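# Close look at the chain arrangement
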Amino acid sequence: MTATTGDTAGDRSGWAGHPRGLSTLFFTEMWERFSYYGMRALLILYMTAPITANGLGFDTARAASIYGWYTFGVYAAAIPGGWVADRFLGQYRSVFWGGVIIALGHFSLAIAALPFFYLGLALIVAGTGLLKPNVSTMVGSLYQQNDARRDAGFSIFYMGINIGAGVAPLVVGTLGQRVDWHVGFAAAGVGMVLGLIQYVLGKKRLQPALTRLDQAARAGEAGRVGVAEPPGFTAKEWKRIGAIGVFFVAAILFWGAFEQAGSSLNLFADRMTRLTVLGWSFPSTWFQSLNSAFLIALAPVFAWLWVSLGQREPTSPVKFTLGLLFVGLGFLLLVPAASMAQQGVLVSPLWLTGVYLLHTIGELCLSPVGLSVVTKLAPGRIVGLMMGVWFLATAFGNKLGGWVAGFFDTLPLPMLFGAVAATTIASALVLLALVRPVKKLMGGVH
Ligand code: GLN
């Protein structure tokens with residue numbers, strides 16, 4: 001325990017003048033995302049692989065449905081997970097036990113028997129619900145309310161997410177596809193264990209943040225509201241909640257397209273794409289790394305772009321419009337690729353590379369903005385709840401994406417991808433028309 005009140009406002013002893021605890025949380029989330037995305041890269045391929053290839057032999061529709069429910073569950077569990085931390089376990093222990101449960105989930109998947117498969121999925125859902133929202137809350141609590149470093153801290157944290165997510169398919173995917181599915185799942189579990197070890201070793205660095213969370217909880221301002229609190233919103237607050245509602249719907253549509261990375265795009269890579277470059281062959285799961293690689297390369301470019309645009313920086317509703325547009329353009333690019341694949345040729349890996357580039361541009365327009373606009377628009381006493389609502393948009397988006405992927409074998413692919421493109425691009429146009437009214441609802445927030 002530190003002798004002070006736990007004030008880290010002045011702590012600049014960590015990376016780039018940030019509080020020391022940031023690196024601990026960075027590596028915790030990096031390893032958690034390593035396990036999540038590594039396993040996800042294999043999931044639908046394992047489910048649809050024939051039993052003779054040691055897969056589960058599910059048809060694509062069934063596999064996509066399980067994929068949709070699982071990825072829905074992982075994000076929806078953030079709501080009870082945040083609540084459990086606030087009410088019972090506290091943030092530190094929630095993240096710890098969440099990580100333990102996640103690791104057990106991956107090790108359960110490493111056992112080649114169907115009941116252990118379902119048990120593993122359920123454990124990962126529960127564990128991620130405990131870990132993911134609370135590790136983010138802890139990042140926030142490294143800084144005092146008005147600390148200008150907070151946004152930059154979250155950007156560094158988002159890099160950790162993508163380093164984990166980017167490396168995972170190369171390790172877990174390769175082991176799973178080239179050695180044995182279950183070795184891949186075990187490797188995901190090992191990653192989570194490494195994350196847990198450094199989390200426990202780094203506890204001291206988190207102490208000031210934990211003290212601050214503790215004080216906030218005792219003062220009843222932990223940022224999450226109990227159901228007992230009367231809403232009693234003012235007209236202005238209702239308008240802002242209305243604006244969040246519009247962003248919520250747009251986010252569901254965006255993630256519904258984007259999160260097909262692990263399902264329909266993964267299947268497209270595996271079945272319809274040429275997996276060789278200059279005569280050298282690579283596993284199909286490697287495509288899962290492209291989003292993170294592009295994100296790491298482009299995040300600084302976007303940060304620079306928004307700043308350099310100054311007054312002309314697009315407002316949040318415009319950035320959401322761009323997000324939907326780019327994810328739609330990605331699917332539009334898949335239409336000619338899918339038509340060629342229909343002729344029975346394996347298409348060039350450049351097609352999916354282009355798709356992931358467009359999707360990452362969309363993500364950079366929408367995802368960071370979504371998080372911050374929710375915190376800015378939500379009335380202070382329900383900001384925790386509204387954060388949960390933001391994760392819920394990802395959950396619904398994943399479910400929607402799983403539903404779409406369920407048609408992979410039954411609809412002509414150019415039609416399926418074309419429908420996703422048409423829906424997202426049309427929604428972008430609708431949102432563009434709504435920019436002015438939404439700005440009015442936001443009442444001065446950008
Ligand atoms: N890629 C980010 C993460 O894993 C965001 C995912 C999402 O919100 N859909 O945290």
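Residues numbered from 1 in each chain as written. Predicted model: local features only at pLDDT ≥ 70, side-chain atom pairs only at ≥ 80, totals over all residues. Heavy atoms only, no water.

As a structural note, the neighbourhood of the ligand is formed by Arg-33, Tyr-37, Tyr-75, Lys-132, Tyr-158, Ile-161, Trp-255, Glu-259, Glu-363 and Thr-394. Contacts to the ligand include Arg-33, whose side-chain N or O atom sits 2.8 Å from an oxygen atom. Between the ligand and Thr-394, the relevant distance is 3.3 Å, taken from an oxygen atom to a side-chain nitrogen or oxygen of the residue. When isolated, the ligand has an accessible area of 300 Å², and the protein chains bury 94% of it. (Near = heavy atom within 4 Å. Polar contact = N/O pair within 3.5 Å; in protein donor to acceptor, adjacent residues only side chain to side chain. Areas by Shrake-Rupley, 256 points an atom, 1.4 Å probe, with all protein chains shown as cover.)

Among the surface-exposed residues, Phe-107, Val-190, Val-193, Leu-194, Ile-197 and Leu-201 lie close enough to one another that they form a single nonpolar patch of about 510 Å² accessible area. For the nonpolar patch, the element with the highest residue contribution is helix H6 (residues 181-201), accounting for five residues. Relative to the helices and strands, Phe-107 resides in helix H3 (residues 78-109). (Patch = residues over 30% accessible without salt bridge, like charges linked within 9 Å, V, L, I, M, F, W, Y side chains within 5 Å. Salt bridge = Lys/Arg side-chain N within 4 Å of Asp/Glu carboxyl O. Helix = DSSP H or I, 4+ residues; strand = E, 2+ residues; numbered from the N terminus.)

This model, assessed by the stated rule, comprises 32 aromatic pairs. Where Trp-15 meets Phe-27, the ring centres are 5.6 Å apart and the plane angle is 85°; that geometry is what we call edge-to-face. Residue Trp-15 is located in the segment before helix H1 (21-48), and its partner Phe-27 is located in helix H1; the two are separated by 12 residues in the primary sequence. Residue class for Trp-15 comes out partly exposed when judged on its relative accessible area of 36%. An angle of 75° between the planes, with centres 5.0 Å apart, marks the rings of Phe-254 and Trp-255 as edge-to-face. Each member of the pair Phe-254 and Trp-255 is classed as buried. The rings of Tyr-46, Phe-117, Tyr-118, Trp-181 and Phe-185 are connected pair by pair, giving a single aromatic cluster. The side chain of Arg-62 reaches across the aromatic face of Phe-58, ending 3.8 Å from its centre. Lying across the ring of Trp-69, Lys-399 places its NZ or CZ 4.4 Å from the centre. (Phe/Tyr/Trp six-rings, centres within 6.5 Å; stacked < 30°, edge-to-face > 60°. Buried < 20%, exposed > 50% of the residue type's maximum accessible area, 1.4 Å probe, protein only. Lys NZ or Arg CZ within 6 Å of the ring centre and 35° of its normal.)

All right, on to helix H7 (residues 203-218) then. With 16 residues, H7 should reach 22 Å at 1.5 Å per residue; the first-to-last C-alpha distance of 21 Å fits that figure. Its axis deflected by about 35° at Ala-209, H7 carries its strongest bend there. All of the buried residues in H7 are Leu-206, Gln-207, Pro-208, Ala-209, Leu-210, Thr-211, Arg-212, Leu-213 and Ala-216. (Expected span 1.5 Å × (residues − 1). Bend = angle between axes of the 7 residues up to and from the residue.)

Now for the packing of H1 against H6. Packing of H1 against H6 brings their axes to within 8 Å, and their N-to-C directions diverge by 170°. If you check the angle between H1 and H6, you find them roughly antiparallel. Tallied by class, residues from the contact of H1 with H6 come to 15 nonpolar, nine polar and one charged. (Axes fitted to C-alpha atoms, helices over the stretch in contact; angles between N-to-C directions. Parallel < 35°, antiparallel > 145°, perpendicular 65-115°, else oblique. Nonpolar A, V, L, I, M, F, W, Y, C, P; charged D, E, K, R; others polar.)

Further remarks concern the nonpolar core. Counting 98 residues, the largest nonpolar core has Met-39, Met-47, Tyr-70, Phe-268 and Phe-320 as the members making the most contacts within it. The element contributing the most residues to this core is helix H8 (residues 235-258), with 11 residues. For Met-47, the contacting residues outside a window of four places in its chain are Leu-56, Gly-57, Phe-58, Ala-63, Ile-66, Tyr-67 and Phe-117. Of all hydrophobic cores here, the second largest spans 24 residues; its members include Met-30, Val-135, Met-138 and Leu-206. (Core = buried A, V, L, I, M, F, W, Y, C linked by side-chain atoms within 4.5 Å. Contact = heavy atoms within 4.5 Å.)

The subject of this paragraph is the side chain of Asn-162. You can see Asn-162 is positioned in helix H5 (residues 150-179). Assessed through its relative accessible area of 4%, Asn-162 is described here as buried. In this structure Asn-162 touches Ser-292, Leu-295 and Ile-296, once residues within four positions along its chain are discounted.

The next point concerns the environment of Leu-392. For Leu-392, the position within the fold is in helix H13 (residues 383-405). When the C-alpha atoms of Leu-392 and Leu-89 are compared, they prove to be 22 Å apart, with 303 residues separating the residues in sequence.

What follows is about the packing of helix H10 (residues 290-309) against helix H12 (residues 349-377). Look at H10 against H12: their axes get within 9 Å of each other, and the N-to-C directions meet at 45°. Overall, the two elements H10 and H12 adopt an arrangement that is oblique. Both H10 and H12 take part in a crossing whose hand is right-handed. Residues Leu-290, Asn-291, Phe-294, Leu-295, Leu-298, Ala-299, Phe-302 and Trp-306 of H10 touch H12, and the partners they reach there are Thr-353, Tyr-356, Leu-357, Thr-360, Ile-361, Glu-363, Leu-364 and Cys-365. (Left-handed = near helix turned anticlockwise from the far one by under 90°.)

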